[in-house]
Structure formats: structure tokens, C-alpha cells
Amino acid sequence: MTDAAPRLAVVAETLLGAPLPVRLRAWDGSEAGPPDGPVLVIHDRRAVRRMLWRPGELGLARAWVAGELTVEGSLFDLLDRVAGLLWERGPDQPPVGPTVSTAQGGPGPFATLAGLARRAGLPALSDLPGARWRDAAHRAAARELIALAGPLPPPPPPAEEAATRRGGARHSKGRDRQAVSHHYDVGNDFYERVLGPSMVYSCAYWSPGSTLDQAQHDKLDLVCRKLALRPGDRLLDVGCGWGSMALHAAREYGVRVTGVTLSREQAVYARKRVADEGLTDLVDIRIQDYRDVKDGPYEAISSIGMAEHVGADRYRDYARTLHALLRPGGRLLNHQIARRPEPDEEAYRIDEFIDAYVFPDGELSPLGTTVGELERAGFEVRDVEALREHYGLTLRAWVARLEEHWAEAVRLTSPGRARVWQLYMAACALGFERGRLGVNQVLAVRPTAAGDARLPLRLRTWEVEAETV
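Reference entry: report on the structure contained in this document. (Residues numbered from 1 in each chain as written. Predicted model: local features only at pLDDT ≥ 70, side-chain atom pairs only at ≥ 80, totals over all residues. Heavy atoms only, no water.)

**Concerning the overall build of the protein**
Step number 1: Helix and strand counts for the protein come out as 17 helices and 11 strands.
Step number 2: Scored against the burial criterion, the 469 residues of the protein give a buried share of 58%.
Step number 3: Taking the contacts inside the protein whose residues are at least 6 apart along the sequence as the reference set, 73% of them involve residues at least 24 apart.
Step number 4: Element-wise, carbon and sulfur atoms account for 51% of the exposed surface of the protein, whose accessible area totals about 19,600 Å². (Helix = DSSP H or I, 4+ residues; strand = E, 2+ residues; numbered from the N terminus. Buried < 20%, exposed > 50% of the residue type's maximum accessible area, 1.4 Å probe, protein only. Contact = heavy atoms within 4.5 Å. Areas by Shrake-Rupley, 256 points an atom, 1.4 Å probe, with all protein chains shown as cover.)

Structure follows, in C-alpha cells:
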């Protein structure tokens, strides 16, 4: 029989209470759903089995990483349709899929399909049959999913899944090293294919007509200007990555830079760049936890895309540590992704896909929480600039580069790793574009005893594009 896709479509629409936003093609060649747009291809019934055993995003993410799910057509289009079903329902309509926001600021990329079982109340497989399902239609849907899933149990998780939970307490130094290594030590050649020559792995600063490399150059220069760097200043770059910020600050502003990272591969790459540019007298790249930096004071600190790794429970210590490393009058530029605040912050949960495959132990906080913690640590917050739209553009550029260099990326890592980065970056791009995520540059100062922030009266000039007026 070739009826798997129509059967899956009926199950999905029963549990969602809404039409399917995308077309399905099942392992038996059958299709169902809207005829236009992208097609979610289910190559193997193991994908359904994973969902039953692990209802929620992680089961579907495992199927994606394993290659049991692919998209024919535009991945962005597919995710946009899914996001529309999840995020644009009226106030009188119940949410579709999971109602708990994820570490990326909202339900994850495959939450519509992954949330089928959760929305219907599917219990753990050991608790079946479906006595806890709400009504006859939902019980019938459960039986249909079980029939479609085939022989149990599911295959093991893909090799790309993180194993950091064996590394001690969350955000201990040892476990943080493992988490950083999982994300960054996947090959510098791979990151070159995705990031391009700039080797900057954070939101760029775009102008009309900018290329990715120009936008990243402009972001680094924006940070340097906000920090009011002067020749001879000491700059600490926390989470220095492949050294791009350190090199720019030393080359263009004549400052002495200490860059710290927990990634050995990043440090090796950054040190070579420093040597190749003849800047070893100005730039020192260390494999070091920021908590172990003891050679302050510094005139300035840049933390670009690093604070997301700190953790909510450790953020106050992070802020206090950086405050102590600055001399009075010193400046901090904290560039950090933010999520929307929850009505009940206790309900916040880390996204399963991101936690397992991308940023283990990564946590996002609302902007207000970040600003409050910086102030409690003794900082005076002087400027906040939101760059949300800029990150959507940056992520789309990275996805384009990854897809352009797909064969090389797969060869340099693995097919599963390339699929992780493709899905993660495309889904996050939509999160920024739809306002589920934000990214902000917070400029803060450790004031002098006399209250001197040592900043100009006007920090920046507002620019408004004509079409937005």
C-alpha cells in the first residue's frame, strides 16, 4: 500500500486542529498536503518511531540529523510556514504544539510536527495504550502513529548529539570546556566555508549593499568605537573566537589585546593569524576561562556572543568578574542574544535540539534581565542598541555560504553536522526576523569615584532609512 502520507496528514490535522502548512512525502512514495511550496520528505518510518519514543522537538531533530527527514524546495519557506502556524494564531485560539518557549525564544523549527504527540497528550511509550488521550479521535490518532512507526525500538541518536552531561555540574569550568569544544572544535576549515574570510561568528552590522565580510568589518569597528579605544589601551576580548576582534582592535586602534577562549582549535587558528599579521607584540591569545583571568585592570572589555554560554545562575558572577577586571572609567561592550520574557519565567526551558546538537547548556535571558544584572554588579549602563534585523541577514548569509559549499562542508565534518548547522541557522534566522529573538549591544561603564564615565556627551547619531520613515 502507498498511503502513509495521507494517513500521517490525517493524524497531523486531527492533533493540530489545523490544516497542514506543508506537503508530506512518505517513504512509500505517497504524498499529501498543499500542492504548492516545499515538501517535507520522510525517507524512513524510523522518523515516526523517534517521535513516538521522544515526543517533542528532539525526536524530529534526530530524524533530521540522521537524514531520515529532508526538505525538497526552500528550507526557509518550510520553516516560515511552520512558524506562521505556531506564532500567528489569534488571541482566542489555543497555541499549536508546545506552549513552552525554547532557548531560541519560541517553539523550535519542527515543533509543529514534533508537537503532534505532545499536543494530544501522548505519554511515554511505556504508558501506552492511550488511556490518557483526551477523546476517541486522539486515541485513534495515537493508534495510527504507532501503526505507521513500525517495529520498535527506535535507532540510537546520531553521533553528532552532545554528551556534555557527563562533564560535571552545569556551567562548571570542566563542563563549559566540553560544551564549547562540542560547538567550536568541529574543524576550522568547516567554519571558513560557513563564515567566510572574516571568521566572525556573531551578528554582523549591515548597510544597504554590504557584503557579509564588509558587514562583519563594520561590526568590529562599531564595537571598537563604542569602547572609545585609544592607542596603548588594554582590551580583554572574552570568548575571542578565531581572533577577528583582537586583530581589528590591535591593527586599527593600536591597543594591546588579550583574547581568551576555551576552544583549542580557535586558539591555534587565532595565534597563526596574529603571527601572520606581525601583531604578536600587541595580541596575546590564551586558552583560558574568563573566570581565571587575573591580570587586570583593563581599559575595555569586549564580550561578543559569549554571554549566552554563561548560564542564568552564573550571570551575576560573570558581570561581577568583568567589573572587577576593569579599571575605574573602564568600558564593557556586551553583545548578546536575548529571548522574549516569559509570563512565568519558571516555565522557561532550554530548547532540546539546540541543547543536544548546537550549544549544549546555552541559555538566553531577556534584555531587561541582562541589564539588571550588569547594574547589580556595579556597572552604569550607558547605551543599548538592538540589532535584531541584522542577525536575520547574517544567518541567511551563513546558510547561503553553507549550501554553496555543501559538499566540502560534509567532507570536512559529517553529513549530520552539516544538517545541524543548516537547520539551526535557518530556524534562528526566522526567529530574529519574526521578533522571537533579539540581539543587543549593551555599553556599560565602571564609573570612577567621582562618577566620570569618560564617554562623549553624544554616543551615536541616529540614522533612519528613507523607506522606514
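**With respect to the side chain of Q288**
Step number 1: Along the chain, the position of Q288 falls in the loop between β7 (283-287) and β8 (298-304).
Step number 2: Within the structure, Q288 has its side chain in polar contact with the side chain of R286 (distance 3.1 Å).
Step number 3: In this structure the side chain of Q288 is engaged in a polar contact, spanning 3.1 Å, whose partner is the backbone oxygen of D292.
Step number 4: Ignoring sequence-local partners within four residues, the contact set of Q288 consists of V260, T261, L262 and V293. (Polar contact = N/O pair within 3.5 Å; in protein donor to acceptor, adjacent residues only side chain to side chain.)

**Some points on helix α15 (residues 388-404)**
Step number 1: Here α15 spans 25 Å end to end across 17 residues, near enough to the 24 Å set by a 1.5 Å rise per residue.
Step number 2: Three or more residues of α15 are buried, namely H390, Y391, G392, T394, L395, A397, W398, V399 and L402. (Expected span 1.5 Å × (residues − 1).)

**Focus: the environment of A409**
Step number 1: Positionally, A409 belongs in helix α16 (residues 406-412).
Step number 2: Once the C-alpha coordinates of A409 and R193 are considered, the two residues, 216 residues apart in sequence, prove to be 6.9 Å apart.
Step number 3: Dropping the residues within four chain positions of it, A409 is found in contact with F190, L402 and S414.

**Re the packing of aromatic side chains**
Step number 1: Taken as a whole and judged by the stated rule, the model has 13 aromatic pairs.
Step number 2: Taking the centre distance of 6.3 Å and the plane angle of 80° together, the rings of Y191 and W421 count as edge-to-face. Highlighted residues: Y191 in helix α8 (residues 188-195) and W421 in helix α17 (residues 415-433), separated in sequence by 230 residues.
Step number 3: For the ring pair Y290 and Y318, a centre distance of 5.5 Å and an interplane angle of 80° mean the geometry is edge-to-face. Remark: Y318 occurs in helix α12 (residues 315-325) and Y290 occurs in the loop between β7 and β8; sequence separation between them is 28 residues.
Step number 4: Exposure remark for Y318: the relative accessible area of 0% places this residue in the buried category.
Step number 5: An aromatic cluster is present here, built from F190, Y191, Y201, W242, Y391, W398, W421, Y424 and F432 joined pairwise through their rings.
Step number 6: Sitting over the face of the ring of Y298, R234 holds its NZ or CZ atom 4.1 Å from the ring centroid.
Step number 7: Above the face of the F76 ring, R396 is positioned so that its terminal group lies 4.1 Å from the ring centre. (Phe/Tyr/Trp six-rings, centres within 6.5 Å; stacked < 30°, edge-to-face > 60°. Lys NZ or Arg CZ within 6 Å of the ring centre and 35° of its normal.)

**Here's the deal with the pairing of strand β4 (residues 69-72)**
Step number 1: In β4, alternate side chains face the same way, and those of L69 and V71 are buried while those of T70 and E72 on the opposite face are not.
Step number 2: With four bridges connecting them, strand β3 (residues 39-42) and β4 associate as antiparallel partners. Pairing of V41 across the sheet is with T70, part of β4. (Pairing = 2+ DSSP bridges.)

**Examining the nonpolar core**
For soluble globular proteins, nonpolar side chains are generally found buried alongside one another.
Step number 1: Core analysis: the biggest nonpolar cluster contains 80 residues, and Y191, Y201, F353, W398, W421, Y424 and M425 have the highest contact counts within it.
Step number 2: The element contributing the most residues to this core is α17, with 11 residues.
Step number 3: Not counting residues within four places of it along the chain, the set of residues in contact with M425 comprises V194, L395, W398, V399 and L402.
Step number 4: Counting 29 residues, the second-largest nonpolar core is a separate cluster that includes M245, A267, A270 and V283. (Core = buried A, V, L, I, M, F, W, Y, C linked by side-chain atoms within 4.5 Å.)

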